[in-house]
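Chains, contacts and geometry: an overview
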Amino acid sequence: MRLHLNIGSNSGDSRVLTGRAVAAVVNAFGPCGAAVTVAPPYYSEPWGFVSSSMFVNIGLMIDFPFLPSEEAVDGIYLRLSAIERSISSMPHRNPDGSYRDRELDIDIIAVDERVISTPHVTAPHPRMHLRPFVLHPMHTLDPSWRHPLLHMTPSELLAALG
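The model shown is predicted, which means the values in this text are computed figures rather than measured ones.

1. Focus on the environment of S11
One can find S11 in the loop between β1 (2–9) and α1 (14–29). Between the C-alpha atom of S11 and that of D101, which follows or precedes it by 90 residues, the distance is 5.9 Å. Those residues within four positions of S11 in sequence are excluded, and the remaining contacts are L17, M90, D101, R102 and E103.

Shown next as structure tokens:
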């Protein structure tokens, strides 16, 4: 199974926080035989809200030596959430659900080229095709990946954004 993640930060020492998150993901999944590939940092303006703080985004691709069930994907999500909370307890949304500056956010972007809907994970991420900060790292890591609903590669999705 191939899992795509995006780690983002625009508050605090974003480079240190995202670096800690990458190391924690590698330490969490590497011992079970997963290979983790990391894209170079991608810097971007905030998306979906106004802030003067730029984001550092890092894409990760995790190749697991097995094809897990949807319940296992939920378990991976819970492990990633624990990593996120262990590095920063700062919420990444306002009480009304709107976006805000955040020290750390780890999102599951895609699980292979599968459509997954569990209590915790919707894959592909419902807004990934609108976010250059997700698509650029995915193109670097896995240029032949195809969105299972839109049937486009990361570069085709980027081109569609204009």
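That was the structure; now back to the text.
2. Focus: unusual backbone geometry
Residue P124 is bonded to the preceding A123 through a cis peptide linkage, with omega at 0°. Locating P124 in the fold gives a position in the loop between β7 (122–123) and α3 (132–141). Even without being a glycine, D112 presents a positive backbone phi close to 50°. Secondary-structure assignment places D112 in the loop between β5 (105–111) and β6 (116–117). One non-glycine residue, H151, adopts positive backbone phi at about 60°. Examined against the element boundaries, H151 turns out to sit in the loop between α3 and α4 (154–161).

3. Quick word on the packing of aromatic side chains
Tallied over the full model, the rule gives four aromatic pairs. The interplanar angle of 80° and the centroid separation of 5.6 Å between the aromatic rings of F29 and F64 together place this pair among those described as edge-to-face. Here F29, found in helix α1, pairs with F64, found in the loop between β4 (55–63) and α2 (70–87); they are 35 residues apart in sequence, far enough to count as distant. Residue class for F64 comes out buried when judged on its relative accessible area of 6%. Look at F49 and Y99: their rings are 6.5 Å apart centre to centre, the planes differ by 50°, and that puts the pair in the tilted class. Of this pair, F49 sits in the loop between β3 (42–44) and β4 while Y99 sits in the loop between α2 and β5; the two residues are 50 residues apart in sequence, bridging distant segments of the chain. Site record: aromatic cluster; members linked through ring pairs are W47, F49, F55 and Y99. Here R79 stacks its cationic end above the ring of F29, 5.2 Å away from the centre of that ring. A cation over a ring is seen here: R131 above W47, with NZ or CZ 4.3 Å from the ring centre.

Scoring rules and cut-offs
Residues numbered from 1 in each chain as written. Predicted model: local features only at pLDDT ≥ 70, side-chain atom pairs only at ≥ 80, totals over all residues. Heavy atoms only, no water. Helix = DSSP H or I, 4+ residues; strand = E, 2+ residues; numbered from the N terminus. Contact = heavy atoms within 4.5 Å. Phe/Tyr/Trp six-rings, centres within 6.5 Å; stacked < 30°, edge-to-face > 60°. Buried < 20%, exposed > 50% of the residue type's maximum accessible area, 1.4 Å probe, protein only. Lys NZ or Arg CZ within 6 Å of the ring centre and 35° of its normal.

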